[in-house]
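So you can see what is in the structure, the chains are spelled out below.
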Amino acid sequence: MLVLSRKINETILIGDDVKVTLLAVEGDKIKLGIDAPKHIKIFREELLSATININQQALNAPTVTFALSGISGKQHVNNDTRG
């Protein structure tokens, strides 16, 4: 991991297209400005991890089957014309 120190309004360049600027320091939090092309996805790691976990839980959840009394998925038609 590369570790850099920045002062307010100083920028870090990532590749040719991404700029990260330190905008403010407020207590134990900082505000970053990220300028990147629209095709580059930017996520907060904790939200992405939570979304992945929720989706995995949904995939592993037991399947719930609903049954309607007296109705089956197939209907039988009697074509017997013998009296």
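Look up: the structure comes first, before these words.
Residues numbered from 1 in each chain as written. Predicted model: local features only at pLDDT ≥ 70, side-chain atom pairs only at ≥ 80, totals over all residues. Heavy atoms only, no water.

A.B. asks: Pulling in residues and values, what's your account of the pattern of salt bridges?
C.D. replies: A full pass over the atoms with the stated rule returns three salt bridges. Across the salt bridge formed by Glu26 and Lys31, the nearest N and O atoms sit 3.7 Å from each other. By relative accessible area, Glu26 is classed as partly exposed at 46%. (Salt bridge = Lys/Arg side-chain N within 4 Å of Asp/Glu carboxyl O. Buried < 20%, exposed > 50% of the residue type's maximum accessible area, 1.4 Å probe, protein only.)

A.B. asks: Help me get a handle on the pairing of strand β3 (residues 29-35), residues and values and all.
C.D. replies: The pairing of strand β2 (residues 18-26) with β3 spans seven bridges and is classified as antiparallel. By the bridge assignment for β3, Glu26 is matched with Lys29. Between β2 and the antiparallel strand that follows it, β3, lie two residues; Gly27 among them carries a positive phi value of about 65 degrees. (Pairing = 2+ DSSP bridges. Helix = DSSP H or I, 4+ residues; strand = E, 2+ residues; numbered from the N terminus.)

A.B. asks: Summarise the environment of Lys7; cite the residues concerned and give the values.
C.D. replies: Mapping Lys7 onto the fold places it in the segment before β1 (11-14). Given the relative accessible area of 61%, Lys7 is considered exposed. Residues Lys7 and Leu23, spaced 16 residues apart in sequence, show a C-alpha to C-alpha distance of 8.7 Å.

A.B. asks: Give me the sheet that holds β1: which residues, what numbers.
C.D. replies: Strand-to-strand pairing in sheets goes through backbone hydrogen bonds, with the strands running parallel or antiparallel. The strand order across the open sheet formed by three strands is β1-β2-β3, and the pairing between neighbours is antiparallel. Each of the sheet's edge strands pairs with one partner strand only, and the pair in question is β1 and β3. Between one strand axis and the next, the sheet turns by 25 degrees as a mean value, whatever way the strands run. (Axes fitted to C-alpha atoms, helices over the stretch in contact; angles between N-to-C directions.)

A.B. asks: Describe in detail the side chain of Thr21, supporting the description with residues and values.
C.D. replies: Looking at the secondary structure, you find Thr21 in strand β2. Classification of Thr21 by relative accessible area gives buried; the value is 17%. Within the local environment of Thr21, its side chain forms a polar contact with the side chain of Thr11, the two groups lying 2.8 Å apart. Each residue touching Thr21, except ones within four places of it in the same chain, is listed here: Asn9, Glu10, Thr11, Lys31, Leu32 and Gly33. (Polar contact = N/O pair within 3.5 Å; in protein donor to acceptor, adjacent residues only side chain to side chain. Contact = heavy atoms within 4.5 Å.)

A.B. asks: Go over the pairing of β2 with me, naming the residues and quoting the values.
C.D. replies: When β1 meets β2, the two strands line up antiparallel, connected through four bridges. Its bridge partner lying in β2, Thr11 is registered against Thr21. The turn linking β1 back onto β2 is made up of three residues, and Gly15 within it adopts a positive phi angle of 65 degrees.

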